[in-house]
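# Report on the structure
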Amino acid sequence: MMETEPTEDIDQPLRDRLKAHPGPALLWGAILCVLLLLEGPTYLDGLLGAIGAGLGLLPGAPGAEAFASASAYFGELPHLLSRELIPNRGYYDGSAWQGTFLGLEPKYAWLIRFLLVYAYVAVLLGWLWYGYVLFRRHYRAADWTPTDDVIDRLRSHYWGLFGLAVVVFFVTMAAFAPVIGPTTAEENIEGPYSYDMQYYNEDTETVETVTIGEANLGSASRGSGDSNVGVWSYDDFGRFHPVGTLVSGKDLFTFLAFGARLSLFIGLGSMAIAGFIATTLALVTAYYKGAADLIVVLTSDSVQAMPALLLVILATVVFQNHWISELYNGAMLFILLFALIRWPGLWRAIRGPALQVGEQEWVDAAKSYGQRPTVIMRKHMAPYILGYLLVYASLTLGGVIISVSALSFIGLGINAPTPEWGRAINIGQQYVASQSWHISLIPGLLITLVVTGFNALSDGIRDAIDPQSEGAEGGAAGAAAGGGGG
Amino acid sequence: MSESVVDTVSHQTGETLVDVQDLKTYYEDGGLLGSDPVKAVDGVNFEIARGETFGLVGESGCGKTTLGRTLIQLETATSGAVSFDGTDITELSGGDLKEWRRNAQMVFQDPESSLNDRMTVGEIIREPLDVHEQGTARERREKVRTLLDQVGLMPEHYYRYPHQFSGGQRQRIGIARALALEPEFVVLDEPVSALDVSVQAQILNLLEELQEEFGLTYLFIAHDLSVVRHICDRVGVMYLGNLMEVGPTEQLFQSPENPYTRALLSAIPEPDPTVQVDRITLPGSPPSPRDPPEGCPFATRCPVRIRPEDIDASDAVWDRIREFRDVIRERSRAEQSVGERLKERLGFDTALADSEEIVEEEFDDVTLPPDVQEHVEQAATYLSDGDPDAARAYLREVFGSQCDTETPQYYDVDDRQMSFCHRHAQEHVSPGDELRQRGYDTHDG
């Protein structure tokens, strides 16, 4: 009860409250400007590129050219996190490293860029958190909200924070894939024979030029004898490989970074669609009950009764030459398939909470003064089930990542050469017992880590939104934890 | 119903605001089995005058909350009419219904559940104003502050969340929300039953002050009889979806007429421990509202039920006959349930013994007159033939009376007091006399 301000002040809109006390907000804005300036070209490049790609899908592709060229223009501009600013590829001319950042060894040049990316993301997250704290302290009209408690509980949930850290690590790797790898997917994986590189030939003591494809032949990891480039080592061409190379000699780290992008894209995409379907249906069934509920129960049971793996395999074959499987090397098809397969599970999971909140008297109260059903669902019901949706969606997301990898493992998933973790595991399978163990093991460990991370994060969110369930062995906790498998 | 003034409160005008005519609200399961609907409100008639507080009392499950919800159109009436200021609101829909809703609001029972915890107090109270687009945003906020003040809260509570308030304060927020649209009629659904006793009095006083200030008409639903006696002008007593008795509060509490009202009121604890009160303990439990008795709804438990003249038996024997009929009734209902039948087939104990055992259990310590004995054996035969419905019908035929076959009508038993009981008819002994005759204490004696 520390209400000291007069009544009039409470009524001010946010704009006036900002004007009255601009200091912290200006500082916050300044940090944002710095962060944007450092990476501005990347954002513009990405944004315009996405618009261009979107327009390219339309018949006639109006304006796609212009966006693509604008995107390319911004892509050329210098910015902090770029291969051009901190290059790691070069050659040793017998006395010094040529073409690398400050003449450093490629290893260190790459490491600096890698760490700089994570430092940038850390600052970005810190800036977001700082903004939240500032808003809470200086600008929010309410001195307490229920969300505060949720966030405070999550802050002291170390398992959940571990999950958050893993997820951030993974998302950063996916988002900055072109910058974070020692080489690029285009040059190293997709078109190795279209690009040249220079290296120092120790026998002839000259700098020679080969295509990357030829170099890759010399850097292959095939288990036996000399042909292995393991973890944290150079190949014969002076290229640094943080986690070794693939059987084809391509860089495994670059492969993993772009694979993360694909896994995340499929996982988030399918969960966004499935989550939207599940939430809409949960709200409608909990509000109207009766026949609406019955129809959805029957539909979801029918979907769940289909053997998911067979359905996916069938669909990949049926849509083989269809335009939809051209989108992002078939990733779009998987997004739609997994959204179709996974929404019933999500809906089942949030149906209980939705029915519960639908029985609350505040819903009746809203009906009694004539609130529209759509608004009642959005305002009085949805906020109570979104937390649960987040929990189950992040659990299911782990399952989707595993499923996609599993499909690639058996050769049905994303087509080569697009990087996909499951394919790396498949390729390296026969070398597990040899010195080239890294090909299978590292992607395998990464999948385990990422799925564990998503599960840990969902544990944390669940305990934060529903403290009663904390530490519970059975019941809700057990039910929530059960959904993570493939 | 006469309009003579007995103990009306000053703000009453006597003009009818709500007129309920033969209102029925049934809950259909909507299941595939097409089972009987729950007859929550099964033909109710009463009027509420403008400015009065009409109390509705009864056991839990008697349909009083459903009746209240039907009056503000949260439930759809199955049949009958609710005329509000001359308009039949059961016929309204769409824009007309929404427009009408501002006239009638509800205060809910549980203040923990009636406020959305994710919204600030200001947003909660403002929502009805937003829905009906009253005034500008600033005017609405101003209105909310006034309401907060009127219900005894602080204007700066606007940006607080419900979590930060006690039960009594939360109920004040609920009241402010109900009053936001300046309704004429407010349904108070057990507004104080979830609160501490000390807080109950504050809320009741607040409700009375607000009624005075805004000229509100209340429907006050409660099971706490002392609260009803304190706040209500008139009271209706509900049992199994029917209104058993209606009358001015004091009159009804002083001299109840209906047997059910007498039983209900005899359950009020007597503050003086030296006074010996013989409570009218009702046997059994209320029948299922899916399958209410034909005739009078209270017939299965009534202490003064009319007995057929051709059978001469002692009170003890009649008691046993009633219990026996209850058991048969249960058995015949159980026959309708798929689950029970399945359980029986699988050899589980269905809590219903064989016919001989039932008869033995019920009648082994009383001597039955020969004609009663004969009837009971006949019913037992039907039962062991696996036809409990026939047994039930047979028992109703031989032991039943007007109470089992005819729905009573409302009798004017006193000035403005009506009772729903066959015994008020000329040809029968009145409920009070019959109670005394059967050995009960009555406090109107």
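This structure is a prediction, so every number in the text was calculated from the model and none was measured.

Definitions and limits used
Residues numbered from 1 in each chain as written. Chains lettered and ligands numbered in written order. Predicted model: local features only at pLDDT ≥ 70, side-chain atom pairs only at ≥ 80, totals over all residues. Heavy atoms only, no water. Helix = DSSP H or I, 4+ residues; strand = E, 2+ residues; numbered from the N terminus. Buried < 20%, exposed > 50% of the residue type's maximum accessible area, 1.4 Å probe, protein only. Contact = heavy atoms within 4.5 Å. Areas by Shrake-Rupley, 256 points an atom, 1.4 Å probe, with all protein chains shown as cover. Patch = residues over 30% accessible without salt bridge, like charges linked within 9 Å, V, L, I, M, F, W, Y side chains within 5 Å. Salt bridge = Lys/Arg side-chain N within 4 Å of Asp/Glu carboxyl O. Domains from an automatic or database assignment. Buried area = accessible area lost by both parts, 1.4 Å probe. UniProt positions renumbered as here; feature names shortened; annotations may be inferred. Pairing = 2+ DSSP bridges.

## Points about the overall build of chain B
Scanning chain B from N- to C-terminus turns up 16 helices and 12 strands. Out of the 445 residues belonging to chain B, those deemed buried represent 53%. Here the analysis covers contacts within chain B between residues at least 6 apart in sequence; of these, 69% occur between residues at least 24 apart. With the model as given, the accessible surface of chain B reaches about 19,800 Å², and the carbon-plus-sulfur share is 45%.

## Some remarks on a nonpolar patch on the surface
All names here are of chain A. Side chains of Val231, Trp232, Trp437, Leu441 and Leu445 sit close together on the surface and give an oily, nonpolar patch of about 480 Å² of accessible area. Listed by contribution, the elements that provide at least two residues to the nonpolar patch are β5 (231–234) and α18 (438–465). Of note, tryptophan 232 is situated in strand β5.

## Overview of the domain arrangement of chain A
Residue and element names in this part refer to chain A. The domain boundaries assigned to chain A delineate domain 1 (14–88 + 105–144), domain 2 (185–246) and domain 3 (253–484). Once you take the C-alpha centre of each, domain 2 and domain 3 turn out to be 39 Å apart. Across the domain 2/domain 3 interface, buried area totals approximately 1,300 Å², and carbon plus sulfur atoms make up 69% of it. By the criterion of area lost to domain 3, the three top residues of domain 2 are Ile189, Val243 and Leu246, representing 40% of everything that side buries. In this structure, the connection of domain 2 to domain 3 is made through 0 salt bridges.

## Regarding the UniProt feature "transmembrane region" (unreviewed entry) in chain A
Residues and elements named next belong to chain A. Per the UniProt record, the feature "transmembrane region" (unreviewed entry) sits at residues 25–44, 110–130, 158–180, 262–288, 295–317, 323–341, 385–416 and 436–457. For the annotated span residues 25–44, helix accounts for 100% and strand for 0% of the residues, and the straight-line distance between the end C-alpha atoms is 25 Å. Between the C-alpha atoms that bound residues 158–180 the distance is 28 Å, and the span itself is 96% helix and 0% strand.

## Digging into the pairing of strand β3 (residues 53–57) of chain B
Residues and elements named next belong to chain B. β3 sits mainly inside the fold: 5 of its 5 residues count as buried. Note that β3 and strand β8 (residues 217–221) share 4 bridges and pair parallel. The residue of β8 that forms the bridge with threonine 53 is tyrosine 218. Pairing analysis gives 4 bridges linking β3 to strand β9 (residues 234–239), with the strands arranged parallel. By the bridge assignment for β9, valine 57 is matched with valine 237.

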